[in-house]
2 protein chains.
Amino acid sequence: MNVEFINPFLEALLNVLRTMAAMDAQPGSPEIKKTNISSGDVTGLIGMTSDLTKGTLAISFTEAAILEIMQRMLGEAVERIDETVTDMVGEITNMVTGGAKKILSEKGYHFDMAIPSVVAGKGHVIRHKSKSPIINVPFTTEKGDFFIEVCFDD
Amino acid sequence: MNVEFINPFLEALLNVLRTMAAMDAQPGSPEIKKTNISSGDVTGLIGMTSDLTKGTLAISFTEAAILEIMQRMLGEAVERIDETVTDMVGEITNMVTGGAKKILSEKGYHFDMAIPSVVAGKGHVIRHKSKSPIINVPFTTEKGDFFIEVCFDD
């Protein structure tokens with residue numbers, strides 16, 4: 001997998017949170033996963049294709065993290081993961097892939113993005129069906145954690 | 001959304017279950033969803049792109065249904081949704097999109113498929129972030145139910 005494909009997603013995610021939620025999340029060290037599973041409470045998933053490769057992106061939030069993001073975006077407290085929250089996670093996923101697509105395009109890589117799906121369910125686990133390495137980047141905030149996973153087939 | 005895009009997925013899914021698990025699942029009436037959410041215990045999700053449209057596919061199984069499918073495929077009982085099961089759901093998702101891609105290609109529609117992701121977690125809910133109708137087709141078996149959801153942007 002071309003590591004050049006990863007940074008645009010991290011950059012876009014930080015940018016979206018900064019712009020939309022006035023939040024500076026702290027990225028941890030990227031980790032290459034093969035067998036581990038990741039778990040979150042609400043996850044945006046989107047597929048990507050290009051002439052060269054295909055891939056998938058997951059952005060998965062703990063309940064604490066997404067409720068804090070919602071509060072900062074809406075200016076009022078949200079009590080639980082409801083339809084407003086899953087809508088917003090879909091929107092965040094769209095904005096992150098849109099931002100990353102733009103950066104990648106400037107580097108000469110053209111990607112098509114599919115439709116995001118959002119999964120909600122306490123502590124659900126996510127696995128990507130690929131023989132290629134899966135890059136997981138954890139993020140911490142004062143209120144809760146989230147992570148981004150990107151996987152591209154060779 | 002072009003309804004011609006839906007049948008190939010149903011046909012491919014029935015064919016995969018018949019071939020791999022000697023199972024004849026009964027499809028129910030396709031339902032157009034806008035706001036409802038669907039819930040399953042293990043779900044395969046994959047994104048699709050083409051020059052004309054983009055889409056997403058979810059195949060979501062109750063625990064009872066997927067454990068029966070596993071038993072028929074492997075010839076031995078599987079007790080719970082573990083890594084073997086999520087692997088197989090990823091594989092089924094791949095086979096269904098591969099089969100549908102072939103049928104669609106014969107009709108003159110070329111789609112690229114992304115990498116499948118599998119989500120496991122008791123009663124998780126799935127929502128597709130699209131303004132277009134989402135087609136849900138329920139399937140029943142003697143042991144448990146599952147459903148397929150397909151959504152293509154106009």
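Our structure is the block above this text.
These remarks concern the structure in this document. (Residues numbered from 1 in each chain as written. Chains lettered and ligands numbered in written order. Predicted model: local features only at pLDDT ≥ 70, side-chain atom pairs only at ≥ 80, totals over all residues. Heavy atoms only, no water.)

1. Thoughts on the pairing of strand 3 (residues 38-49) of chain B
Residues and elements named next belong to chain B. Of all 12 residues in strand 3, 11 are buried; the element is thus mostly enclosed. Note that strand 3 and strand 6 (residues 117-128) share seven bridges and pair antiparallel. Note on strand 6: the bridge partner recorded for Ser-39 is Val-125. Note: strand 3 against strand 4 (residues 54-61), eight bridges, orientation antiparallel. Residue pairing for strand 4: Val-42 is matched across the bridge by Phe-61. The turn joining strand 3 and strand 4, which pair antiparallel and follow one another in sequence, is formed by four residues. In terms of strand pairing, strand 3 meets strand 5 (residues 112-113) through two bridges, oriented antiparallel. Bridged to Met-48 within strand 5 is Met-113. (Buried < 20%, exposed > 50% of the residue type's maximum accessible area, 1.4 Å probe, protein only. Helix = DSSP H or I, 4+ residues; strand = E, 2+ residues; numbered from the N terminus. Pairing = 2+ DSSP bridges.)

2. Structural notes on the relation of the copies chain B and chain A
For the pair chain B and chain A, the best superposition has an RMSD of 0.0 Å and corresponds to a rotation of 180° with a translation of 0.0 Å parallel to the axis. When the rotation and shift are considered jointly, the pair of chain copies conforms to a two-fold rotation axis. Across chain B, the rotation axis passes nearest the C-alpha of B:Gly47, at a separation of 2.2 Å. Here 100% of the interface residues in chain B have copies in chain A that are interface residues too; the copies meet face to matching face. (Least-squares fit on C-alpha atoms with pLDDT ≥ 70 in both. Contact = heavy atoms within 4.5 Å.)

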